[in-house]
Amino acid sequence: MLVALTARDKPGHLSVRKANRAAHLAYVEETGVVAQAGPLLDTDGEMCGSLVILDVPDMAAAEAWASGDPYARAGLFETVSLDTWKKVIG
């Protein structure tokens, strides 16, 4: 199943994002469940959140992936939502 993870960073936490980016990208690579992903950008073009499409067997797997993400473990996010998603275009 596809799950859309949308996360918004805590205000003023760009340095936390940058400090944990390499670990986050390694986690994405090693887990092998990310179908698409990229940062959300603020009006200045700076990273301020994440959009990740997970291809996982169930919502429990999506929740486990989200909690294991180095960004989450570093306390980067103010909010995180996980929603079942249906790919229609692309």
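For the structure itself, look to the data block above.
Residues numbered from 1 in each chain as written. Predicted model: local features only at pLDDT ≥ 70, side-chain atom pairs only at ≥ 80, totals over all residues. Heavy atoms only, no water.

Caption draft 1: Structural view of the sheet that holds strand β1 (residues 2-9). On the basis of which strands lie adjacent, the open sheet formed by 4 strands has the order β2-β3-β1-β4 and antiparallel pairing. Here the strands that pair on one side only, and so sit at the sheet edges, are β2 (34-41) and β4 (77-85). Going from strand to strand, the sheet's axes swing by 15 degrees on average, the running direction of each strand aside. One ladder, built from 7 bridges, connects β2 with strand β3 (residues 47-55); its direction is antiparallel. Bridge pairing in β3 places Leu 41 opposite Met 47. Where helix α2 (residues 59-68) meets the sheet, it contacts β1, β2, β3 and β4, and its direction lies at approximately 155 degrees from that of β4. (Pairing = 2+ DSSP bridges. Helix = DSSP H or I, 4+ residues; strand = E, 2+ residues; numbered from the N terminus. Axes fitted to C-alpha atoms, helices over the stretch in contact; angles between N-to-C directions. Contact = heavy atoms within 4.5 Å.)

Caption draft 2: Highlighting the nonpolar core. Judged by nonpolar contacts, the single largest core of 14 residues is most densely connected at Leu 5, Leu 54 and Trp 65. Mapped onto this core, the elements with two or more residues apiece are β1, α1 (14-31), β3 and α2. (Core = buried A, V, L, I, M, F, W, Y, C linked by side-chain atoms within 4.5 Å. Buried < 20%, exposed > 50% of the residue type's maximum accessible area, 1.4 Å probe, protein only.)

Caption draft 3: The arrangement of the pattern of salt bridges in detail. The tally for this structure, following the rule as stated, stands at 1 salt bridge. Two residues, Asp 9 and Arg 17, come together in a salt bridge whose shortest N-O distance is 2.7 Å. Judged by relative accessible area, Asp 9 falls into the buried class, the value being 9%. Take Arg 17: its relative accessible area is 1%, and that puts it in the buried class. (Salt bridge = Lys/Arg side-chain N within 4 Å of Asp/Glu carboxyl O.)

Caption draft 4: Quick peek at the side chain of Arg 17. Locating Arg 17 in the fold gives a position in helix α1. Those residues in contact with Arg 17, other than ones at most four positions away along the chain, are Asp 9, Pro 39, Met 47, Cys 48, Gly 49, Ser 50, Tyr 71, Leu 76 and Phe 77.

Caption draft 5: Main features of the packing of aromatic side chains. Enumeration according to the criterion identifies 2 aromatic pairs in this entry. When the ring of Tyr 27 is compared with that of Trp 65, the centres are 4.9 Å apart and the planes differ by 40 degrees; the resulting orientation is tilted. In this pair, Tyr 27 is assigned in helix α1 and Trp 65 in helix α2, connecting sequence segments 38 residues apart. Per residue, the accessibility class of Tyr 27 equals that of Trp 65, and both read buried. Their ring planes at 85 degrees and their centres at 6.1 Å tell us that Tyr 71 and Phe 77 sit as a pair that is edge-to-face. The exposure class of Tyr 71 is buried, given its relative accessible area of 1%. (Phe/Tyr/Trp six-rings, centres within 6.5 Å; stacked < 30°, edge-to-face > 60°.)

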